Every structure is written in C-alpha cells, then in structure tokens.
Amino acid sequence: MRAFVVKQYKGPVQQADVPEPVVGEHDVLVQVRAAGLNMLDEKIRAGEFRRILPYKLPLILGNDVAGTVLGVGAKVRGFRLGDEVYARPGKDRIGTFAERIAVAEADLALKPASVSLEEAASLPLVALTAWQALVERGNLQPGQRVLIHAGSGGVGTVAIQLAKYLGATVATTVSAGNADFVRELGADFVIDYRSQDFEQLVEGYDLVLDSLGGKNLEKSLRVLRPGGKAIGIAGPPDAAFGREVGANPVLRLAMAALSSRIRRQARRLGVTYEFLFMRASGDQLRQITALVDSGVLRPVVGRVFDFDQTVQAVQSLHKAGIRGKAVISLP
Ligand SMILES: NC(=O)c1ccc[n+]([C@@H]2O[C@H](COP(=O)([O-])OP(=O)(O)OC[C@H]3O[C@@H](n4cnc5c(N)ncnc54)[C@H](OP(=O)(O)O)[C@@H]3O)[C@@H](O)[C@H]2O)c1
C-alpha cells in the first residue's frame, strides 16, 4: 500500500510502497479516509523524540486518523465492518499517512456523525490533549479562570470550547487577526501576544495551558493564584513523564533535570508545573464524539491537502497562518 515514511531522522518525508498492516486480535483495520497533521509529525521526523519514542525506521508518519472499518481482529467486540471511526493511535503504533492502518480497539471510537471525515480526523490528538489537560489534570471547575495560550491553533481551538463547556472563564493569546475568531469560539478575554504582555493583563488564574514553553511558561507561572497549576505540552518534560513512558533511570533523571528550574520557580510562587504528553484513549474520544454531536465542540479545519501532497502538508507545519488544523484527505 502507499504510505509516507521517514527513512532516517532529519531526512525527507517520502512516498513508499509498504507492507499491509498486521491486524492483531484486538485490532481494527481502518481504511484511512483522512489524516490530521500535527507538529508532532514534524518533531518525530526531525528526531526530537528518538530517545523517548525509539521508533524502528523506516517509519510511517501520522498521528490522527478518520476512516472506515475494513476488518476486525478475532477479539474485537465494539466495531463492525463499514463503521466510520476515528483515533489517535497509540504512540507506539502511529502511521496514519497511509492507505490503511491497524489500530487497537481500545484507542478507537465511532466518529461524530455530525461532521465530515476530514473534520473528524482533525480532532483526536488535539481534543484528547485538551481533555487530558483541562479535565484530567486541571480538574477545571465552573467559575474558575483558565489561560489558554495559542488559542487559534489546533489544541487552542478545542481547549477554548471545552473550557467554556466546563463553565470556566477563558483568556487566550493569539495574533490580532485571530481575535474575533477565538471570541466566536467562546474566549472571554483575548490578548494579542505580539503587542501585549499577558503577564501584565491577567492575574490570579487557576490554570494555564501552555503550548510554547521557555519564557512563555515562566511568565505563565506568575499569572496563577497560589495553588494554581500550569500544564505544559511543549515541555520541559518531568520525571513523572519519564515514568509514564517507561524511560530508564538515567533518562528519567535527565528529564527531572530539564524541568528542575521551572519546578523550582513554581515552588517559590506556591504553584505547580506539570508536563503533559497526551495519550491515546478510545473512552475519552467517545466523550468527545458526544460533545461534537451535541454542538459543544466544533472542529476547525483550516486547510485540506490531497494525499499526494503529504510531503508539502508536513512542510506546512512550519508555516504560520492555518487556523485550527490541517488535514490530509484520501480518495
Ligand atoms: N505534549 C503533548 O501531548 C502535545 C499535544 C499537542 C500539541 N503539542 C505541542 O503543542 C504545540 C502547539 O500545538 P498546536 O497543534 O496547537 O499548534 P498549531 O496548531 O501549530 O498552533 C500554533 C499556534 O501558535 C500560535 N502562536 C505562535 N506564537 C505564539 C505566542 N508567542 N503566543 C501565543 N500563541 C502563539 C499561533 O497563533 P496565531 O496564528 O494566532 O499567531 C498558531 O496558531 C506544538 O509544539 C505541539 O507539538 C503537544
């Protein structure tokens, strides 16, 4: 089958003829109809995750899929041939930039009936990230205040809508041209990160979702109330993440060291910092499906590429200007 692969880290994305997926007894074989793009694809290509996620090369890229069930393993109970499904496959089993992929049943859900396959493919990774940050880790409650950075991006567009559904007041950072767009998504307070300093404008917040790291994360700690929490998805990683991914003790120590400065700063301010690396979850996706079909969450697809344009699509991840998500569409 046709797929887009990396043969060596930092090398180009290339089209290749690859073997058909192996379908285990708990797996569902999916005909890929659309595949969402994520900065993670580019980071994996560039080798940024090679120590944490030691993939075997050549590797089929792609972390989001929507498509049709073509076959099921002997022990699969929840899906039937022809079902329209979507998933962020487990991190060790990625490869959605291909004609077909085998996905563990536990990572899959029926796609929301009210949206297209392209829209569905835009959701899993970013919606699960928003869910795990705001619901699971952040325990965001009605009346609380949350600052969501990069509100016009893939994670931001979903996180704003989810935070509003949870009853929170939402501040977000975007460039000026996206201010009205994020207000329409529900943001209460919009900050233009190019001309304004968010640290001077918000204070006493309960939660920050940071997708930029560095100085942005440091400043984010200072807008929290005592006891507040910053959740970083762009790093630095912490030791808890090292345990989650089964890193060896040396790597875990290295991760703890990478985040020691920001954790120290947090401690001094009486707040906490946690790194989140989202994980696949069919159960959480089913809750997301329900929110989409009830009109709470609207997928935002800023651009659709043809499968043949996958190389260009991955390159586009470096270019600004796409609202929400870019998606690859298969015939
Ligand atoms: N750890 C995890 O599990 C996880 C999960 C998902 C994503 N991530 C990471 O999180 C980051 C964001 O992901 P994404 O998919 O949301 O990215 P994206 O869709 O590429 O969005 C990037 C957005 O960043 C905004 N931006 C750029 N500089 C900014 C600044 N200084 N302040 C505020 N906003 C700024 C841009 O907004 P304007 O267009 O308005 O300028 C753009 O929309 C990536 O690094 C990704 O790899 C991590």
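Not measured: the values here are computed from a predicted model.

1. A closer look at the site of the ligand
Part 1: In the vicinity of the ligand there are 22 residues, among which Gly154, Ser175, Tyr193, Leu276 and Met278 approach most closely.
Part 2: One of the backbone nitrogen or oxygen atoms of Gly154 is found 2.7 Å away from an oxygen atom of the ligand.
Part 3: Within the side chain of Ser175, one N or O atom sits 2.7 Å away from an oxygen atom of the ligand.
Part 4: Taken together, the elements giving at least two residues each to the shell around the ligand come down to helix 1 (39-45), helix 3 (124-137), helix 4 (154-165) and strand 10 (169-174).
Part 5: Its residues assigned to classes, the shell around the ligand shows 11 nonpolar, 9 polar and 2 charged.
Part 6: Domain assignment of the residues forming the shell around the ligand places at least three in each of domain 1 (2-122 + 299-329) and domain 2 (125-275).

2. Considerations on the pairing of strand 7 (residues 100-104)
Part 1: Within strand 7, 5 of the 5 residues are buried, which leaves the element mostly enclosed by the surrounding structure.
Part 2: The pairing of strand 3 (residues 27-36) with strand 7 spans 5 bridges and is classified as antiparallel. Residue pairing in the sheet places Val30 in a bridge with Ile101 of strand 7.

3. Considering the domain arrangement of the protein chain
The accessible area lost on association of the parts is a frequent measure of interface size.
Part 1: Each domain of the protein chain was delimited in the assignment, giving domain 1 (2-122 + 299-329) and domain 2 (125-275).
Part 2: Taken over C-alpha atoms, the centre of domain 1 sits 26 Å from the centre of domain 2.
Part 3: Residue-level contacts link 14 residues of domain 1 with 15 residues of domain 2.
Part 4: The tally of links from domain 1 across to domain 2 stands at 0 salt bridges.
Part 5: Between domain 1 and domain 2 we count 4 residue pairs in polar contact (both at pLDDT 80 or more) in total.

4. Section: the packing of helix 3 against helix 4
Part 1: At a minimum axis distance of 8 Å, the contact between helix 3 and helix 4 shows a crossing angle of 50°. For the element pair helix 3 / helix 4, the angle class is oblique. Like other packed secondary-structure pairs, helix 3 and helix 4 cross with a definite hand, here right-handed. Only Gly154, Val155, Val158, Ala159, Leu162 and Ala163 of helix 4 make contact with helix 3, whose side of the interface consists of Val126, Ala127, Thr129, Ala130, Trp131, Leu134 and Val135.
Part 2: For the contact of helix 3 with helix 4, a count of residues per class yields 11 nonpolar, 2 polar and no charged.

5. Topic: the sheet that holds strand 1 (residues 2-6)
Part 1: If you trace the 3 strands from one edge of the open sheet to the other, you get 2-1-4, paired in antiparallel fashion. In this open sheet, the two edge strands, each paired with only one partner strand, are strand 2 (13-17) and strand 4 (59-60).
Part 2: Bridge analysis of strand 1 against strand 4 gives 2 bridges, and the strand direction is antiparallel. Paired with Val6 across the strands is Leu59, a residue of strand 4.

6. Considerations on the pairing of strand 10
Part 1: Taking burial as the measure, the 6 residues of strand 10 include 5 buried ones, the bulk of the element.
Part 2: Pairing analysis gives 4 bridges linking strand 9 (residues 145-148) to strand 10, with the strands arranged parallel. Bridging across to strand 10, Ile148 finds its partner in Thr172.
Part 3: Taken together, the 4 bridges between strand 10 and strand 11 (residues 189-192) define a ladder with parallel strand orientation. Along strand 11, the bridge assignment pairs Thr172 with Val190.
Part 4: Where the polypeptide runs from strand 10 across helix 5 (residues 179-185) and back to strand 11, its parallel neighbour, the crossover connection is right-handed.

Rules used throughout
- Residues numbered from 1 in each chain as written.
- Predicted model: local features only at pLDDT ≥ 70, side-chain atom pairs only at ≥ 80, totals over all residues.
- Heavy atoms only, no water.
- Near = heavy atom within 4 Å.
- Polar contact = N/O pair within 3.5 Å; in protein donor to acceptor, adjacent residues only side chain to side chain.
- Helix = DSSP H or I, 4+ residues; strand = E, 2+ residues; numbered from the N terminus.
- Nonpolar A, V, L, I, M, F, W, Y, C, P; charged D, E, K, R; others polar.
- Domains from an automatic or database assignment.
- Buried < 20%, exposed > 50% of the residue type's maximum accessible area, 1.4 Å probe, protein only.
- Pairing = 2+ DSSP bridges.
- Contact = heavy atoms within 4.5 Å.
- Salt bridge = Lys/Arg side-chain N within 4 Å of Asp/Glu carboxyl O.
- Axes fitted to C-alpha atoms, helices over the stretch in contact; angles between N-to-C directions.
- Parallel < 35°, antiparallel > 145°, perpendicular 65-115°, else oblique.
- Left-handed = near helix turned anticlockwise from the far one by under 90°.
- Right-handed = clockwise from strand over helix to strand, strands pointing away.

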